[in-house]
Amino acid sequence: MIPFSKSLKLSAIALLGVTLCADAAQAPQRIDVKQMSKKVENVVVPLPNEIFGALNKLGSVNWREFVRTEKSSNFTERPRIALLLGTVIADGFIAVQAEDAPAVKEIGQRVLNLSKGIGVGNSITPHAKAITEAADKRKWENVRQELDRTQSSVQAAMNEVHDEKLSQLVSLGGWLRGTQVLTSVVTKHFSADGAELLHQPDLLVHFQTQLQAMPEFNLPLIRDIQQALGEVRPLVDVGSAHISAESVRKINEITTRLDSGIVTRD
Amino acid sequence: MNGFTKISLQISLCLLVCFALPRGAAGTVDDAQSFALQAAEPYIKEGFQVREDYWGGDLGSGEKKAVRQQLFKGNEYWFWMGTEVERAKISVHIYDSEGKLAEQPDSWEKGHFAAAHVIPKGTGSYFIIVAVEESPEERTHWALVYGFR
C-alpha cells in the first residue's frame, strides 16, 4: 500500500505530467486535404542545396564534376537575366558542395554583375562581400546561408518594384539547374531513393501556373521551358509508384537542353 | 535649470514618447517573423539551415491556414511559428499528402511559439497547418519559417 504523503506526491507528479502534455494541443490524426487545398498559402521553392543534401545522404557525389564557373553570355532581356541569375545562384550551391572556394568567389561576383544588370545590384553588394569572406575562411554553412540571403534579397528587391514575375523566374532558373544536376547524378548511379527526390509534381504545377501568367515575356526560351515542364510533369507525377531510370534520363535530357538555352545566346 | 528639474523633464519626455507611440496591436508580420526566428535559434546550433523565405499573415482566434511545401526524404525539417501577441496560443502541425499526421512527437507549443518536426517518409508535398488557437486580439499576425538538415 502507498502511504498518503507518497500518493499525494505521485498525484502531483501525474498532474504536472498531464499539464505539460496538455501544453501541446492534441492534433487530429487526419485532415481532409481536399478541403485544405482550397486555402493554401504561396509555395516556397526549395533551394538546390535542400535537394543536394538529401542526395548526399544516399552516397558520395563528386560535386567537382558539376562545378561551373565559365561566364555565360550577356543578355539584355530582363527575363533571361532573371533565369540566368537563378541558375548561377544554384551553381554557387554546387560549388559549396564541392568546397571549391575560388569557384564560389567567382560565382559571387557573377551574381553581383547579373543583379546590377537587372537593376538590383545595390541590395546584393553586401551579400557578395560576405560570400567572398566566408569562402576565404571555408565556412561553408555561412556561404550557403549567404547564397539563400542573396536570392531572397534579389527577389525582395524585384518584388518591391513590382517585378514579381522576374522574381519567380529566378526561382525557376535555380530549380532547373538543381534538377539537371540531380538527374545527372541519379542517371549515373541509379537508385529508387535518388529518383524519388524528383517526385515534385506540385512544384511543376506551381511553375507552369506562373509561366502561364507571363504572356508579356514572349521569348522562345520561356515558351520552351513551358512546354518542357509539360513533358516532365507526367514523368514525376507517379503517385506511389517509382520513378524509372528511363524517366530520370529523359528529365536529364530536357533540363540539360533548357540549361543550355538559359546560359547561351540563341 | 537644476539637475533635478532636468532629469524630471527627461523622464516626462520619455514617458510622453512611450505613450504616444503605437502599442502592441500595431505589430506586423515582420514582428511575428522575428519571434518565429527566435524559436528557430537553438536549432541552428544543431546544424539546421533556416530558410530566408517565410510565410505569414493574420488570423482570427480559432482560424487555421494551410501551407503546402515540398519536402525531401533523407532530410529532417523543423517548422517554427511565432506571433508578437504574447498572450496568444498558436499551433503548427504537419500532414502528408494523404492528410495523415506526419510529425514527430517532439513537436511543441508554448504560448506564442510553436514548432513541428518532420522526418519525411517519402519525397513529396506536405501540408503544414497553422492555427491561432486563442488570442486577445481580433486578428493575430503569424509567421512560419522552416529549416532543414
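Everything quoted here is computed from the prediction, not taken from an experiment.

**A few points about the overall build of chain A**
Across its full length, chain A holds 12 helices and zero strands. When its helices and strands are written in sequence order, chain A yields α-α-α-α-α-α-α-α-α-α-α-α. A sequence separation of at least 24 residues applies to 73% of the contacts in chain A between residues at least 6 apart.

**Some details on the overall build of chain B**
For chain B, the count of helices and strands is two helices and nine strands. In chain B, once contacts between residues fewer than 6 apart in sequence are set aside, the share between residues at least 24 apart is 78%.

**Here we look at the interface of chain A and chain B**
Contact with chain A, which involves 35 residues of that partner, is made by 35 residues of chain B. Those elements that provide at least two residues to the side of chain A that touches chain B are α2 (33-37), α3 (48-56), α7 (140-160), α9 (192-196) and α10 (201-212) of chain A. Top element by residues in the side of chain A that touches chain B is α7(A). It accounts for five residues. Broken down by class, the residue content of the side of chain A that touches chain B amounts to 15 nonpolar, seven polar and 13 charged.

**As for unusual backbone geometry**
Residue and element names in this part refer to chain A. For E99, which is not a glycine, the phi torsion comes out positive at approximately 50°. Within the fold, E99 resides in the loop between α4 (78-97) and α5 (101-117). Classification of E99 by C-beta neighbours within 10 Å gives partly exposed; the count is 14. With a phi angle near 60°, H162 is a residue other than glycine that sits in the positive phi range. Looking at the secondary structure, you find H162 in the loop between α7 and α8 (164-188).

**Observations concerning the confidence of the model for chain A**
Residues and elements named next belong to chain A. Averaged over every residue, the pLDDT of chain A is 88; residues scoring 70 or more account for 88%. The model gives residues 1-8 a pLDDT under 50, and that stretch makes one contact with residues more than four places away or in other chains. In this model, residues 10-22 is a region of pLDDT below 50 whose contacts with residues beyond four sequence positions or in other chains number zero contacts.

**A word on the sheet that holds strand β5 (residues 89-95) of chain B**
Residue and element names in this part refer to chain B. The strand order across the open sheet formed by three strands is β3-β8-β5, and the pairing between neighbours is antiparallel. A single partner strand is all that each edge strand has here, and the edge strands are β3 (64-71) and β5. The sheet shows a mean angle of 20° between the axes of neighbouring strands, taken without regard to direction. With eight bridges joining them, β3 and strand β8 (residues 124-134) adopt antiparallel strand pairing. When the bridges of β8 are listed, Q70 appears paired with S125.

**With respect to the pairing of strand β7 (residues 113-118) of chain B**
Residue and element names in this part refer to chain B. Two strands pair when backbone bridges link them, and strand β4 (residues 77-82) and β7 are joined in this way by six bridges, in the antiparallel orientation. Residue pairing for β7: F79 is matched across the bridge by A116. Summarising the sheet, strand β6 (residues 108-110) and β7 pair through three bridges and their orientation is antiparallel. Its bridge partner lying in β7, W108 is registered against A115. Where β6 folds back onto β7 in an antiparallel hairpin, the turn is made up of two residues, including G111, whose phi is positive at roughly 60°.

Conventions adopted
Residues numbered from 1 in each chain as written. Chains lettered and ligands numbered in written order. Predicted model: local features only at pLDDT ≥ 70, side-chain atom pairs only at ≥ 80, totals over all residues. Helix = DSSP H or I, 4+ residues; strand = E, 2+ residues; numbered from the N terminus. Contact = placed C-beta atoms within 7 Å. Nonpolar A, V, L, I, M, F, W, Y, C, P; charged D, E, K, R; others polar. Buried ≥ 20, exposed ≤ 12 C-beta atoms within 10 Å, placed from the backbone. pLDDT = per-residue confidence, 0-100. Pairing = 2+ DSSP bridges. Axes fitted to C-alpha atoms, helices over the stretch in contact; angles between N-to-C directions.

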